[in-house]
Amino acid sequence: MSESTAGFPQRDALWRELEQGGEPWDMIVVGGGIIGAGVLREAARRGLRVLLVEQRDFAWGTSSRSSKMVHGGLRYIASGDIKLTRDAVRERERLLREAPGLIDRMGYYFTLRRGQFPGRFLFNALLSLYDRMAGIRNHRYFDTPTLQRLFAGINKDRLKGALYYTDTVTDDARLVLRVLQESVGAGAYALNYVRVESLLQEEGQVRGAVLHNVESGARVEVLAKSVISATGAWADRLRNELNPEKRIRPLRGSHLVLPMSRLPVCDALAVFHPVDKRPVFIFPWEGTTVIGTTDLDHNEGMDEEPTISEEEVDYLLQLVHWQFPEHNISRDDVISTWSGVRPVIGSDKALDPSKERRDHAVWCDGGLVTVSGGKLTTFRLIALDAINAALGAVDMQTREPTSEAVFSEPKVTPGDLPVADVAWAKRLIGRYGDSALALFDTGGADEAQPIDGTQFCLAECRWAARHEAVLHLDDLLLRRTRLGCILAEGAADLLPALKTICAEELGWDESRWQAEVERYLELWQRHYSLPGQARAVERAAGTAQ
Ligand SMILES: Cc1cc2nc3c(=O)[nH]c(=O)nc-3n(C[C@H](O)[C@H](O)[C@H](O)COP(=O)(O)OP(=O)(O)OC[C@H]3O[C@@H](n4cnc5c(N)ncnc54)[C@H](O)[C@@H]3O)c2cc1C
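For clarity, every value in this text was computed on a predicted model and none was experimentally measured.

Scanning the protein for helices and strands turns up 18 helices and 18 strands. Over its C-alpha trace the protein gives a radius of gyration of 23 Å, about what one expects of a compact globule, namely 24 Å for 545 residues. Counting only C-alpha atoms, the protein reaches 70 × 55 × 45 Å along its principal axes. Once local pairs closer than 6 in sequence are excluded, the contacts in the protein between residues at least 24 apart make up 71%.

Structural data, given as structure tokens:
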């Protein structure tokens, strides 16, 4: 098979080898979100010859659109789902240990107001249990004056203070990338923009898949001893080739992104929405303040990126107005938005979306293993369930795993990087592992400085373009980095610098660049800005020339 670089295998070479046929693969993994990446990691660890394919970009689905919290999920404990909470907090602590800088602890303040349920006593008891499950003791009570100092302008109406606890925050798309890179480093293969069009079957048994290279239009039949569909909210589609059952209830969640200067928050604030009493978070992320999320049936098609609706914008702004009445936050303050579709295993359409369980499920149908549901946080455990189901169905030689760690321990330390800021060095190692050092050799010194108002640098863009399977400008701005989500107007001001990088690293000429800018701005306008926001795109198009 083709040589892998510091990042992914050479795409064209790998595709040519697929066209030439050869021995069946041990396993094909369908879906390049966090669960597919987790399955790939476990399969590679066991010595399987395994290929992952993703119909769009890696992490294009729900795994780049979450609330970025690697968390135990307090609501599960409150609803008595002790096992889910225990698994999640333990996985959270494991990830914190394994990849600091990518997964970091964050403080959460749950506001307490008179007449609110649960009250301080019960909440405190839940948090004691929550902390005990994780083997930590971080929760405590903050009184109203302290809370008012920490969150200037917070609504004082019936405010009785807050209970503080800790969970963690991450960059979900980079988490997927890092898991994929670990898998590739362990001998696995991964291709983005390749869709499984249909399954190959022989006497009702799955024998492989028809792959469609979305970029070139080519198709190839690939044989495999087992196929795992980790297609999240799309899971019914492939599964329905063998079983007509519909099990996925796609539920949309959306977020608003504001400049930190308009609504400064040091940590996450968890509040009950004044209308439906759902918990919603106002939290710091990548130098911005994010508000989310909503939870409603997603009835739009699954081939388009999900988009925030007018009603969701109003709902989230209503929460901010109620919590921070003096800030006068309006639609004009919104930098960007994002929406994702939760792959929830539906129980009853009549049930309130927020009452649906968030557990995962694994189904086996004629040799196809389908895994869906669950959380970003518990991806390793979900992947293990899927792998075990696949290995139970097919006789395959596997290696006994010698370690449970998802991430190999980096040899590079923050002191090895040519940067003075230790926290930034740690962040880069969390995201790139040992490649964090090589990142600084890719371009000039000016590219190795954080871009104003962010913790990203242009060297990361150059690195991604060279090593991280970037095929389109949106891959670079929305998933390899999150610059398109956190800078005004989809990071339009950066387009001239990126033009040079893309020309040098990807060989894009003027017409390709223009086509990429058009594609990116159209996509950003439709799915990452407020509904009907055309103004920014017109200006950005001018900047890109
Ligand atoms: C708004 C929101 C907030 C959330 N917040 C959190 C949170 O804070 N913490 C947390 O732990 N969890 C959170 N979650 C849940 C978490 O994000 C998801 O459970 C998780 O990302 C799902 O991962 P996945 O790999 O199953 O699905 P996805 O990430 O959607 O991956 C599935 C992939 O399969 C691909 N695919 C589909 N069909 C094919 C095909 N035929 N061929 C090839 N590829 C195909 C899709 O393109 C997609 O990329 C949140 C979810 C939402 C929507």
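The discussion continues.
Time to look at the pairing of strand β6 (residues 159-170). Burial of β6 is extensive: 11 of the 12 residues sit out of reach of the surface. With two bridges connecting them, strand β3 (residues 69-70) and β6 associate as antiparallel partners. Within β6, the position partnered with Met69 by the bridge is Val169. Here three bridges tie strand β5 (residues 140-142) to β6, and the two strands are oriented antiparallel to one another. Its bridge partner being in β6, Arg140 is matched across the sheet by Tyr164.

This part takes up the site of the ligand. As a structural note, the neighbourhood of the ligand is formed by 36 residues, with Glu54, Thr62, Ser63, Met69 and Thr377 the closest of them. Ile34 is positioned such that a nitrogen or oxygen atom in its backbone is 3.2 Å from an oxygen atom of the ligand. For the ligand, an oxygen atom lies 2.7 Å from a polar atom in the side chain of Glu54. Considering the ligand on its own, with 1000 Å² of exposed area, one finds that the protein chains cover 97% of that surface. Those elements that provide at least two residues to the shell around the ligand are α2 (34-45), β8 (194-202), β11 (248-259) and β16 (336-345). Along the lines of polarity and charge, the residues of the shell around the ligand split into 12 nonpolar, 18 polar and six charged. For the shell around the ligand, the two domains that each supply at least three residues are domain 1 (11-62 + 173-247 + 357-393) and domain 2 (103-169 + 249-342).

Contact geometry for helix α16 (residues 495-506) and helix α17 (residues 510-527): axes closest at 11 Å, N-to-C directions at 130°. Classified by the angle between their axes, α16 and α17 sit oblique to one another. Handedness of the crossing formed by α16 with α17: right-handed. Residues Leu495, Leu498, Lys499 and Cys502 of α16 form the contact with α17, whose participating residues are Glu510, Trp513 and Val517. By residue class, the composition of the contact of α16 with α17 is five nonpolar, no polar and two charged.

You can read the domains of the protein as domain 1 (11-62 + 173-247 + 357-393), domain 2 (103-169 + 249-342) and domain 3 (442-543). Between domain 2 and domain 3, the contact holds 19 residues from the first and 15 residues from the second. Here domain 2 and domain 3 share an interface that buries about 1500 Å² over both sides, 54% of which is from carbon and sulfur atoms. Three residues, Glu286, Glu305 and Ile335, lead the burial of domain 2 against domain 3; their summed loss comes to 34% of the area buried on that side. Here domain 2 is connected to domain 3 by one salt bridge. The salt bridge involving Glu304 is made with Arg526; its shortest N-O contact spans 3.1 Å.

Moving on, we get to the pattern of salt bridges. A complete count under the given rule lists 46 salt bridges for this structure. The salt bridge partner of Glu182 is Arg178, with a shortest N-O separation of 3.3 Å. Of this pair, Glu182 and Arg178 both sit in helix α7 (residues 172-185), four residues apart, which is roughly one turn of the helix. Arg207 is the salt-bridge partner of Glu202, the closest N and O atoms lying 3.8 Å from each other. In this structure, a network of salt bridges that share partners links the residues Lys68, Asp171, Asp172, Glu286, Arg427, Arg431 and Arg482.

Moving on, we get to the nonpolar core. With 57 residues, the main nonpolar core has Tyr165, Phe283, Leu473, Leu477, Leu483, Leu498 and Trp513 as its most contacted residues. Split by domain, this core shows at least three residues from each of two domains, domain 2 (103-169 + 249-342) and domain 3 (442-543). Not counting the four nearest positions on each side in its chain, Phe283 is found in contact with Ser67, Met69, Met106, Val265, Asp267, Ala268, Thr288, Thr289 and Val290. Counting residues in hydrophobic clusters, the runner-up holds 47 residues, among them Leu52, Val369, Leu391 and Met396.

Turning our attention to the pairing of strand β14 (residues 288-292). The buried fraction of β14 amounts to five of the five residues, a majority that puts the element mostly inside the structure. With burial as the criterion, each face of β14 is covered, one bearing Thr288, Val290 and Gly292 and the other bearing Thr289 and Ile291. In this sheet, β14 lies alongside β11 in antiparallel orientation, the contact comprising five bridges. When the sheet's bridge partners are listed, His255 is paired in β14 with Gly292.

The next thing to look at is the environment of Tyr76. Along the polypeptide, Tyr76 turns up in helix α3 (residues 74-78). Residue Tyr76 is classed as buried on the basis of its relative accessible area of 5%. Expressed as a C-alpha distance, the spacing of Tyr76 and Pro353, which sit 277 residues apart in the sequence, is 14 Å. Leaving out residues up to four positions away in the same chain, Tyr76 has contacts with Asp81, Leu84, Thr85, Arg358 and Lys375.

Moving on: the confidence of the model for the protein. Chain-level pLDDT for the protein is 93 on average; 96% of the residues reach the 70-or-more range. Every residue in residues 1-5 is under pLDDT 50, and counting partners more than four places away or in other chains gives 17 contacts.

Before going further, it helps to examine unusual backbone geometry. Of note, the bond from Phe117 into Pro118 is cis; its omega dihedral lies within 30 degrees of zero at 0°. Here Pro118 shows up in the loop between β4 (103-113) and α5 (120-134). With omega at 20°, the peptide bond leading from Gly292 into Thr293 counts as cis. Position of Thr293 among the secondary structure elements: in the loop between β14 and β15 (296-297). You will see that Arg158, though not glycine, has its phi angle at about 55°, which is positive. Its place among the elements puts Arg158 in the loop between α6 (144-150) and β6. Despite not being glycine, Glu489 has its phi angle at roughly 55°, a positive value. Tracing the backbone through its elements, the reader meets Glu489 in the loop between α15 (483-486) and α16. By relative accessible area, Glu489 is classed as buried at 18%.

What counts as what
Residues numbered from 1 in each chain as written. Predicted model: local features only at pLDDT ≥ 70, side-chain atom pairs only at ≥ 80, totals over all residues. Heavy atoms only, no water. Helix = DSSP H or I, 4+ residues; strand = E, 2+ residues; numbered from the N terminus. Rg over C-alpha atoms; globule rule 2.2 N^0.38 Å. Contact = heavy atoms within 4.5 Å. Buried < 20%, exposed > 50% of the residue type's maximum accessible area, 1.4 Å probe, protein only. Pairing = 2+ DSSP bridges. Near = heavy atom within 4 Å. Polar contact = N/O pair within 3.5 Å; in protein donor to acceptor, adjacent residues only side chain to side chain. Areas by Shrake-Rupley, 256 points an atom, 1.4 Å probe, with all protein chains shown as cover. Nonpolar A, V, L, I, M, F, W, Y, C, P; charged D, E, K, R; others polar. Domains from an automatic or database assignment. Axes fitted to C-alpha atoms, helices over the stretch in contact; angles between N-to-C directions. Parallel < 35°, antiparallel > 145°, perpendicular 65-115°, else oblique. Left-handed = near helix turned anticlockwise from the far one by under 90°. Buried area = accessible area lost by both parts, 1.4 Å probe. Salt bridge = Lys/Arg side-chain N within 4 Å of Asp/Glu carboxyl O. Core = buried A, V, L, I, M, F, W, Y, C linked by side-chain atoms within 4.5 Å. pLDDT = per-residue confidence, 0-100.

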